[in-house]
Amino acid sequence: AALCCLAPIDAAKLLVGHGGATVRQISEQSGTEISISGAHDTPPALSDRIIIVRGGASQKESACREIVRIVHRTQDVRETEEGIFILVVPTSSVGFIAGPQGSTVAGVAESSGADVSISDSAIPGTKLHPISLTGTMEQTVAAVGQISALLQQLASRGGLDGEALQMSSRG
């Protein structure tokens, strides 16, 4: 399953880098395929860009670390300070990630140390649900890794709605 997150436009510009150099470097170093939505394929309700990372679990974690570093930097947050990072997941996966009475997501928060908050509603015009992660870079990357593993588990059971990530194929 692809890893999706949101980045404010200023962070997305830093992520792309001059002529795409930064995103290419992160992609090459991590062994992932990264696409960033542009003005033409970002849902109108969003002011942020959608970043999609494809690859193996450890490759996605490596790319995610750099993406979180850039997003936190645009928030003037140092690595040891808490910043906010928004992951987006298919709406069809929210119940699985939350778990019975919120037990799964509470476990992710407890083991990662990040504050994990699943939005009550999807991004208007999409089948994507934001999950807000507040924590240091390490806590955030740990939480992303655990949520990514849950999505992979759901995908391997055939329970992940592929439609949600369709815009990514045009990126």
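Just above sits the structure.
About the thresholds
Residues numbered from 1 in each chain as written. Predicted model: local features only at pLDDT ≥ 70, side-chain atom pairs only at ≥ 80, totals over all residues. Heavy atoms only, no water. Pairing = 2+ DSSP bridges. Helix = DSSP H or I, 4+ residues; strand = E, 2+ residues; numbered from the N terminus. Axes fitted to C-alpha atoms, helices over the stretch in contact; angles between N-to-C directions. Buried < 20%, exposed > 50% of the residue type's maximum accessible area, 1.4 Å probe, protein only. Arc of directions from axis to C-beta. Contact = heavy atoms within 4.5 Å. Core = buried A, V, L, I, M, F, W, Y, C linked by side-chain atoms within 4.5 Å. Lys, Arg positive; Asp, Glu negative; His and termini not counted. Salt bridge = Lys/Arg side-chain N within 4 Å of Asp/Glu carboxyl O.

Caption draft 1: How the structure looks around the sheet that holds strand β6 (residues 128–135). In space, the six strands of this open sheet follow the order β2-β3-β1-β4-β6-β5, with antiparallel pairing throughout. Each of the sheet's edge strands pairs with one partner strand only, and the pair in question is β2 (33–36) and β5 (115–118). In this sheet, adjacent strand axes meet at a mean angle of 25 degrees when their direction is disregarded. Sheet topology places strand β1 (residues 3–7) next to strand β3 (residues 49–54); five bridges connect them, and they run antiparallel. Residue C4 lies in a different strand from β3, and its bridge partner there is I52.

Caption draft 2: Up close: helix α1 (residues 9–16). Taken as a whole, α1 has its buried residues at A11, A12 and L15. Across the axial projection of α1, the buried residues extend over an arc of 100 degrees, all falling on one side. On the buried face of α1, the contacting elements are β1, α2 (21–30), β2, β3 and α3 (57–74).

Caption draft 3: Local environment of the nonpolar core. Ranked by internal contacts, the top residues of the largest apolar core, which has 37 residues, are F85, L87, I131, L133 and I147. The element that contributes the greatest number of residues to this core is helix α6 (residues 137–156), accounting for seven residues. Setting aside residues no more than four positions away along its own chain, L87 makes contact with L3, C4, C5, H129, P130, I131, L133, V144 and I147. Listed in part, the nine residues of the second largest apolar core include A2, L6, I50 and L128.

Caption draft 4: Just the side chain of K60, in detail. Inspection of the secondary structure puts K60 in helix α3. Look at K60: it is buried, it has no salt bridge, and the nearest opposite charge is E61 at 10 Å. Setting aside its immediate chain neighbours within four residues, K60 contacts A1, L3, T32, V53, R54, G55, S148 and Q152.

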